[in-house]
Amino acid sequence: MATQTEEINRRRTFAIISHPDAGKTTLTEKLLLFGGAIHIAGAVKSNKIKKTATSDWMEIEKQRGISVATSVMGFNYGDYKINILDTPGHQDFAEDTYRTLTAVDSVIIVVDVAKGVEQQTRKLMEVCRMRRTPVIIFVNKLDREGRDPFDILDELESELKIKVRPLSWPINIGAKFKGVYNIYEHSLDLFKPDKQKVSERVEIDNIDDPRIDAEVGENDAAKLREDLELIDGVYPEFDPQEYLKGELAPVFFGSALNTFGVKELLDCFVEIAPSPRPIEAVEREVNPQEEGFTGFVFKIHANMDPNHRSCIAFVKVCSGKFERNSGYKHVRSGKIMKFAAPTAFMAQKKNIVDEAWPGDIVGLPDNGSFKIGDTLTSGENLHFKGLPSFSPEMFKYIENTDPMKAKQLDKGIRQLMDEGVAQLFTNQFNGRKIIGTVGQLQFEVIQYRLLHEYGASCRWEPISLYKACWIESDDAEALAAFKKRKHQFMATDIEGRDVFLADSSYVLTMARQDFPKIRFHFSSEF
Ligand code: G4P
């Protein structure tokens, strides 16, 4: 039987992130194909929300329903146990993605060679940078016309604010794309478009090997040698330590759709990507090697079917061993909980699991006792630091339309907030409740769910706000003076913290000028 250390060392838990359409779903599917978790392309249903459906969120939820099955995709690859955590493609659900990033040990970013770095990628990279998550970049769609790879590297570096180091290099792109030279392994992979099979690999001794000329032609071989010389001149040797610190991103080129460059990526990934690492809790650092079990809830998936109201809480195992039917402490409530049917996904099948190791994700059936960020332990009072809440982008007053159902509405709002669907602010001046989201869709989701799951009806009323700012000051008097002056715009978040609701960027700038002793934050942890 493998020891805990062996189990930990062979685990790779990561997420693939990208701007919609860059190829995240396609790449995920190809990785599963290599892992033997699926056998034909097309088996993974995209949880991408189709563009036509943006106004029809029920359709989106139906599509999202599929994502329960693909929330975590576990499979074995050689000696490694790989866990891919799925993230929603639609940007209105970006909060879900941020939270999933708290549960991964590394990230693969997919970038479209023609489009370069796009908005969503930039935002997600900020979260990675904040958490110092190691990232590998896969530049996709080399079979299509795109930008010069050197330009792409420059853009990655400046837009994502991270040093880069190519570990593979394309020979032409678009119609003339011939293959990729694998700098990491010193081999040549020739491009034969095929959606099902692996590319053809040519063994070469070194970059001067005449076999390269024979395979790709003299001109392209000469250009390749020139490019590689330039790369060696410009970019320092790849340093795995720098990658692990989140300071340097290795870059691979390929075409996910044609299964090209994917195996190279995967082989290098399992070798260099981190296994579960120590995690900061409020009280202390928790090492995966510890004997006692610890884990935290990073996602709650509600069942939209009113006949089956249960949720699944997804828990990342941080240390020790999780065992079925063992008693674990739910730190927030102090209760001991036992789980008779924890689940995990292995090779696309949902199974009840008897045990799970650090890096693994277990799904725990839940009916309302969990909240995002909750910690479970073998008994210790620990609190893992979650991801801070960010200022929402959109705000609306939520109003009760059925006075008989006020209690149901309150309960529903509270539970939906616990699930992390949106953020609730209560105006300190008039007690009105304001819901903040990252996208219009959440308002529709909340209204529908309140009605169907809690029997509570609500309506939205407009409020024009620019940002929610968490405020603090070392000077209690200054804080009191600010709150007095801005009393109509002061709110309390769900944790009871003071939040200033700025209705325009001008107002915020003025507030900063007038109250230099107050610090304004766009996220809830500072
Ligand atoms: P996403 O999850 O990041 O949103 O992207 P997804 O994998 O769904 O890919 C977006 C589109 O790009 C898909 O086409 C997909 O087939 C295509 N694609 C992915 N990788 C490559 C590649 O290496 N080369 C080329 N040429 N295309 C690629 P679609 O037409 O939007 O969807 P579908 O109807 O083909 O599924």
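The numbering scheme is per chain: residues are counted from 1 as the chain's sequence reads. pLDDT decides what is reported in this predicted model: residues at 70 or higher carry local features, side-chain atom pairs at 80 or more are listed and counted, and totals for whole chains, interfaces and linings draw on all residues regardless. The side-chain numbers reported here are obtained from all heavy atoms of the structure, hydrogens and water having been left aside.

### Side note on the nonpolar core
Phase 1 of the analysis: Leu101, Ile137, Val139, Leu156 and Trp169 are the most contacted members of the largest nonpolar core, which has 64 residues in total.
Phase 2 of the analysis: The domain limits used here are those given by an automatic or database domain assignment. Counting the residues that make up this core, at least three belong to each of domain 1 (16–66 + 90–272) and domain 2 (279–377).
Phase 3 of the analysis: As used here, the term nonpolar core means buried Ala, Val, Leu, Ile, Met, Phe, Trp, Tyr and Cys residues forming a set that is joined through side-chain atoms within 4.5 Å. Summary of the burial criterion: residues with accessible area below 20% of their type's maximum are buried, those above 50% are exposed, and those between are partly exposed, where the area comes from a 1.4 Å probe applied to protein chains only. Listed in part, the 30 residues of the second largest apolar core include Phe14, Ile16, Leu27 and Val262.

### Here's the deal with the site of the ligand
Phase 1 of the analysis: One heavy atom suffices: a residue is near a molecule or strand as soon as one of its heavy atoms comes within 4 Å of it. Of all residues adjacent to the ligand, which total 17 residues, the nearest are Asp21, Lys24, Thr25, Thr26 and Ser255.
Phase 2 of the analysis: As used in this structure description, the phrase polar contact means that two N or O atoms lie within 3.5 Å; if the pair is within protein, one of them must be able to donate a hydrogen and the other to accept it, and residues adjacent in sequence are counted only when both atoms belong to side chains. Contacts to the ligand include Asp21, whose backbone N or O atom sits 2.6 Å from an oxygen atom.
Phase 3 of the analysis: Contact distances for the ligand include 3.2 Å between an oxygen atom and a backbone N or O atom of Leu257.
Phase 4 of the analysis: Under the convention used here, a 1.4 Å probe and the Shrake-Rupley method define accessible areas, while residue burial counts only the protein chains that appear. Contact with the protein chains hides 71% of the accessible area of the ligand, taken as 710 Å² for the molecule alone.
Phase 5 of the analysis: Secondary structure follows DSSP: runs of H or I at least 4 residues long count as helices, runs of E at least 2 residues long count as strands, and numbering of each begins at the N terminus. At three residues, helix H2 (residues 24–34) tops the list of elements feeding residues into the shell around the ligand.
Phase 6 of the analysis: Residue polarity is assigned by list, with Asp, Glu, Lys and Arg as charged and Ala, Val, Leu, Ile, Met, Phe, Trp, Tyr, Cys and Pro as nonpolar; anything else, Gly included, falls into the polar class. Of the residues that constitute the shell around the ligand, the class distribution is four nonpolar, seven polar and six charged.

### Quick notes on the packing of aromatic side chains
Phase 1 of the analysis: The aromatic pairing rule takes the rings of Phe, Tyr and Trp, using the six-membered ring of Trp, and pairs them if the centres are within 6.5 Å, calling planes under 30 degrees apart stacked, those over 60 edge-to-face and the rest tilted. Evaluated as defined, the whole model comprises 23 aromatic pairs.
Phase 2 of the analysis: Look at Phe296 and Phe384: their rings are 5.7 Å apart centre to centre, the planes differ by 45°, and that puts the pair in the tilted class. Here Phe296 is found in strand S14 (residues 294–302), whereas its partner Phe384 is found in the loop between strand S23 (375–377) and strand S24 (394–400), with 88 residues between them in sequence. Accessibility assignment for this pair places Phe296 and Phe384 in one class, buried.
Phase 3 of the analysis: Ring-pair connections join several aromatic residues into one group, and the members of that group are Phe293, Phe322, Tyr328, Phe339 and Phe370.
Phase 4 of the analysis: Consider the ring centre and the ring normal. A charge sits over the ring if Lys NZ or Arg CZ is within 6 Å of that centre and within 35 degrees of that normal. Above the ring of Phe314, the side-chain terminus of Lys299 is found at 5.8 Å from the ring centroid.
Phase 5 of the analysis: A cation over a ring is seen here: Lys467 above Tyr466, with NZ or CZ 5.3 Å from the ring centre.

### With respect to the sheet that holds strand S8 (residues 179–182)
Phase 1 of the analysis: Two strands pair under a simple rule: DSSP has to find at least two bridges between them. Read across the open sheet, the four strands follow the order S7-S8-S9-S10; overall the sheet is antiparallel. With partners counted over all chains shown, the strands left at the sheet margins are strand S7 (168–171) and strand S10 (200–202), one partner each. On average, each strand axis in the sheet is inclined to that of its neighbour by 25°, with strand direction left out of account.
Phase 2 of the analysis: Across four bridges, the pairing between S8 and strand S9 (residues 187–190) is antiparallel. Within S9, the residue paired with Val180 across the bridge is Asp189. Helix axes are fitted only over the stretch in contact, all axes being lines through C-alpha atoms; the angle between N-to-C directions runs from 0 to 180 degrees.

### Quick look at the side chain of Glu419
Phase 1 of the analysis: With respect to the helices, strands and loops of the structure, Glu419 is situated in helix H11 (residues 406–419).
Phase 2 of the analysis: Glu419 has contacts with Arg99, Ile300, Ala302, Cys311, Ile372 and Arg449, leaving out every residue within four places of it along the chain. Working rule for contacts: check all heavy atoms of both residues, and any pair within 4.5 Å makes them a contact.

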